Amino acid sequence: MSNLETARAFFDACETGKGWEVCAQYCQTDAGFAAQSGALADISMLSAYCDWMKGLLVPLPDGRYELTGFAEDADRDTVVASAVFRGTHTVDAGTGAPTGKSAASDYVYVMKFDGGKVSHMTKVWNDSHALQQLGWA
(Lines give C-alpha, C1' and ligand atoms only; values in the text may rest on other atoms or scores of the structure.)
Protein backbone atom coordinates (compact mmCIF):
# COMPACT_ATOMS: atom_id res chain seq x y z
CA MET A 1 0.00 0.00 0.00
CA SER A 2 1.39 3.43 -0.92
CA ASN A 3 1.69 6.26 1.60
CA LEU A 4 -1.23 7.98 -0.12
CA GLU A 5 -3.44 4.89 0.16
CA THR A 6 -2.42 4.35 3.78
CA ALA A 7 -3.13 8.00 4.58
CA ARG A 8 -6.61 7.77 3.03
CA ALA A 9 -7.42 4.63 5.00
CA PHE A 10 -6.08 6.14 8.23
CA PHE A 11 -7.91 9.44 7.67
CA ASP A 12 -11.24 7.73 7.12
CA ALA A 13 -10.81 5.41 10.12
CA CYS A 14 -9.83 8.28 12.39
CA GLU A 15 -12.52 10.69 11.21
CA THR A 16 -15.31 8.13 11.46
CA GLY A 17 -14.44 7.37 15.09
CA LYS A 18 -12.90 3.93 14.77
CA GLY A 19 -10.35 4.79 17.47
CA TRP A 20 -6.79 3.59 17.89
CA GLU A 21 -7.89 -0.05 17.78
CA VAL A 22 -8.48 0.30 14.01
CA CYS A 23 -6.15 3.23 13.23
CA ALA A 24 -3.09 1.48 14.71
CA GLN A 25 -2.64 -0.71 11.63
CA TYR A 26 -1.75 2.41 9.58
CA CYS A 27 0.62 3.98 12.12
CA GLN A 28 3.89 3.51 13.94
CA THR A 29 3.19 2.32 17.51
CA ASP A 30 4.79 5.45 18.99
CA ALA A 31 3.44 7.92 16.40
CA GLY A 32 3.45 11.47 17.70
CA PHE A 33 0.76 14.11 17.50
CA ALA A 34 0.81 17.91 17.64
CA ALA A 35 -1.78 20.68 17.38
CA GLN A 36 -1.79 24.33 18.32
CA SER A 37 -5.25 24.24 19.85
CA GLY A 38 -6.38 24.34 23.46
CA ALA A 39 -8.78 21.39 23.13
CA LEU A 40 -5.87 19.15 22.11
CA ALA A 41 -3.10 20.72 24.21
CA ASP A 42 -2.55 17.63 26.37
CA ILE A 43 -2.40 15.16 23.48
CA SER A 44 1.06 14.24 22.18
CA MET A 45 0.50 10.71 20.88
CA LEU A 46 -1.50 9.81 17.79
CA SER A 47 -3.10 6.91 19.65
CA ALA A 48 -4.65 9.36 22.14
CA TYR A 49 -5.86 11.63 19.34
CA CYS A 50 -7.57 8.75 17.52
CA ASP A 51 -9.41 7.85 20.71
CA TRP A 52 -10.26 11.54 21.29
CA MET A 53 -11.92 11.60 17.86
CA LYS A 54 -13.84 8.45 18.74
CA GLY A 55 -15.06 10.18 21.90
CA LEU A 56 -16.03 13.35 20.02
CA LEU A 57 -18.53 11.40 17.96
CA VAL A 58 -20.51 10.46 21.07
CA PRO A 59 -22.02 13.95 21.67
CA LEU A 60 -21.95 14.58 17.90
CA PRO A 61 -23.32 11.27 16.54
CA ASP A 62 -23.88 12.77 13.09
CA GLY A 63 -20.25 13.93 12.93
CA ARG A 64 -18.76 13.55 9.49
CA TYR A 65 -16.05 14.94 7.27
CA GLU A 66 -16.19 16.48 3.83
CA LEU A 67 -12.83 16.07 2.15
CA THR A 68 -11.64 19.20 0.34
CA GLY A 69 -8.13 18.11 -0.63
CA PHE A 70 -5.68 15.23 -0.43
CA ALA A 71 -2.08 15.40 -1.66
CA GLU A 72 1.24 13.63 -1.30
CA ASP A 73 4.71 15.15 -1.16
CA ALA A 74 6.72 12.00 -1.89
CA ASP A 75 10.07 13.80 -1.51
CA ARG A 76 9.22 14.53 2.11
CA ASP A 77 7.25 11.35 2.91
CA THR A 78 4.27 13.53 3.79
CA VAL A 79 0.57 13.45 2.97
CA VAL A 80 -1.70 16.43 3.60
CA ALA A 81 -5.47 16.20 3.89
CA SER A 82 -7.90 19.09 4.27
CA ALA A 83 -11.54 18.78 5.20
CA VAL A 84 -14.55 20.30 6.88
CA PHE A 85 -15.90 18.52 9.96
CA ARG A 86 -19.65 18.86 10.47
CA GLY A 87 -21.69 17.74 13.43
CA THR A 88 -24.54 18.67 15.76
CA HIS A 89 -24.49 18.33 19.56
CA THR A 90 -27.49 16.08 20.22
CA VAL A 91 -26.26 13.73 22.97
CA ASP A 92 -25.14 14.48 26.53
CA ALA A 93 -21.82 12.67 26.89
CA GLY A 94 -20.43 14.58 29.85
CA THR A 95 -20.43 17.78 27.77
CA GLY A 96 -23.71 18.98 29.25
CA ALA A 97 -27.22 19.04 27.91
CA PRO A 98 -27.32 18.91 24.11
CA THR A 99 -27.19 22.40 22.66
CA GLY A 100 -28.68 21.38 19.33
CA LYS A 101 -26.04 23.61 17.75
CA SER A 102 -23.97 22.57 14.75
CA ALA A 103 -20.39 23.17 13.72
CA ALA A 104 -18.73 23.36 10.33
CA SER A 105 -15.02 23.43 11.09
CA ASP A 106 -12.13 23.49 8.61
CA TYR A 107 -8.99 21.52 9.47
CA VAL A 108 -5.86 20.00 7.97
CA TYR A 109 -3.91 16.83 8.78
CA VAL A 110 -0.20 16.76 7.95
CA MET A 111 0.87 13.12 8.13
CA LYS A 112 4.57 12.25 8.15
CA PHE A 113 5.50 8.71 7.07
CA ASP A 114 8.28 6.33 8.03
CA GLY A 115 8.45 2.76 6.75
CA GLY A 116 5.06 3.02 5.06
CA LYS A 117 3.21 4.03 8.23
CA VAL A 118 2.22 7.34 9.81
CA SER A 119 4.98 8.31 12.25
CA HIS A 120 3.67 11.76 13.21
CA MET A 121 0.61 13.86 12.55
CA THR A 122 0.01 17.56 13.00
CA LYS A 123 -3.56 18.86 13.04
CA VAL A 124 -4.15 22.47 12.01
CA TRP A 125 -7.49 23.50 13.50
CA ASN A 126 -9.19 26.54 15.03
CA ASP A 127 -10.75 24.76 17.99
CA SER A 128 -12.16 27.91 19.61
CA HIS A 129 -14.27 28.64 16.53
CA ALA A 130 -15.64 25.07 16.51
CA LEU A 131 -16.37 25.09 20.25
CA GLN A 132 -18.21 28.41 19.96
CA GLN A 133 -20.34 27.09 17.10
CA LEU A 134 -21.34 24.11 19.26
CA GLY A 135 -22.12 26.34 22.25
CA TRP A 136 -19.32 24.76 24.30
CA ALA A 137 -17.31 27.97 24.77
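Residues numbered from 1 in each chain as written. Predicted model: local features only at pLDDT ≥ 70, side-chain atom pairs only at ≥ 80, totals over all residues. Heavy atoms only, no water.

Engineer: Give me the packing of helix α1 (residues 3-15) against helix α3 (residues 46-56): which residues, what numbers.
Structural biologist: Here α1 crosses α3 at 50 degrees, and the two axes come no closer than 8 Å. Classified by the interaxial angle, the pair formed by α1 and α3 is oblique. Only Leu46, Tyr49, Cys50 and Met53 of α3 make contact with α1, whose side of the interface consists of Phe10, Cys14 and Glu15. Of the residues contributing to the contact of α1 with α3, the split by class is 6 nonpolar, no polar and 1 charged. (Axes fitted to C-alpha atoms, helices over the stretch in contact; angles between N-to-C directions. Helix = DSSP H or I, 4+ residues; strand = E, 2+ residues; numbered from the N terminus. Parallel < 35°, antiparallel > 145°, perpendicular 65-115°, else oblique. Contact = heavy atoms within 4.5 Å. Nonpolar A, V, L, I, M, F, W, Y, C, P; charged D, E, K, R; others polar.)

Engineer: Outline the side chain of lysine 123, supporting the account with residue identities and numerical values.
Structural biologist: Inspection of the secondary structure puts lysine 123 in strand β5 (residues 117-125). For lysine 123, which is buried and forms no salt bridge, the nearest opposite charge comes from glutamate 15, at a distance of 5.1 Å. In this structure, lysine 123 is in contact with Phe33, Ala34, Ala35, Gln36, Leu40, Tyr49, Met53, Tyr107, Val108 and Tyr109, ignoring residues within four places of it in sequence. (Buried < 20%, exposed > 50% of the residue type's maximum accessible area, 1.4 Å probe, protein only. Lys, Arg positive; Asp, Glu negative; His and termini not counted. Salt bridge = Lys/Arg side-chain N within 4 Å of Asp/Glu carboxyl O.)

Engineer: Now, about the packing of aromatic side chains: what can you tell me, with residues and values included?
Structural biologist: Any two aromatic rings considered together are summarised by their centre-to-centre distance and by the angle between their planes. Throughout the structure, instances matching the rule amount to 9 aromatic pairs. Put simply, the rings of Phe11, Phe33, Tyr49, Trp52, Tyr65, Phe70, Tyr107, Tyr109 and Trp125 touch in pairs and so form one group of aromatic residues. Sitting over the ring of phenylalanine 70, arginine 8 keeps its end group 4.5 Å from the ring centre. Lying over the aromatic face of tryptophan 125, lysine 123 brings its terminal NZ or CZ to 4.5 Å of the ring centre. (Phe/Tyr/Trp six-rings, centres within 6.5 Å; stacked < 30°, edge-to-face > 60°. Lys NZ or Arg CZ within 6 Å of the ring centre and 35° of its normal.)

Engineer: For the sheet that holds strand β4 (residues 102-114), give the residues involved together with the corresponding values.
Structural biologist: The strand order across the open sheet built from 5 strands is β1-β5-β4-β3-β2, with neighbouring strands paired in mixed fashion. A strand with exactly one partner marks an edge of an open sheet, and here the two such strands are β1 (27-35) and β2 (64-73). Put simply, the sheet's adjacent strands are angled 20 degrees from each other on average, direction ignored. In terms of strand pairing, strand β3 (residues 78-88) meets β4 through 11 bridges, oriented antiparallel. Bridging across to β4, threonine 78 finds its partner in lysine 112. Here α1 sits on the sheet in contact with β1, β2, β3, β4 and β5, set at roughly 160 degrees to β2. In the packing of α3 onto the sheet, contacts are made with β1, β3, β4 and β5, and the angle to β5 comes to roughly 55 degrees. (Pairing = 2+ DSSP bridges.)

Engineer: Let's hear about helix α4 (residues 127-134): which residues, and what values?
Structural biologist: Within α4, burial applies to Asp127, Ala130 and Leu134. Buried residues along α4 cover an arc of 65 degrees about the axis, so they all sit on one side. Buried-residue contacts for α4 involve β3, β4 and β5. Looking one or two residues beyond α4, the residue adopting positive phi is glycine 135, at roughly 80 degrees. (Arc of directions from axis to C-beta.)

Engineer: Which residues make up the pattern of salt bridges, and what values do they have?
Structural biologist: All chains considered together, the criterion is met by 3 salt bridges. The partner of arginine 86 in a salt bridge is glutamate 66, and the shortest N-O contact between them spans 2.7 Å. Within this pair, whereas arginine 86 is found in strand β3, its partner glutamate 66 is found in strand β2, the two being separated by 20 residues in sequence. Residue classification places arginine 86 among the partly exposed positions, given a relative accessible area of 28%. In this structure, aspartate 73 engages arginine 76 in a salt bridge whose closest nitrogen and oxygen atoms are separated by 2.8 Å. Taking relative accessible area as the criterion, aspartate 73 reaches 28% and is therefore assigned partly exposed.

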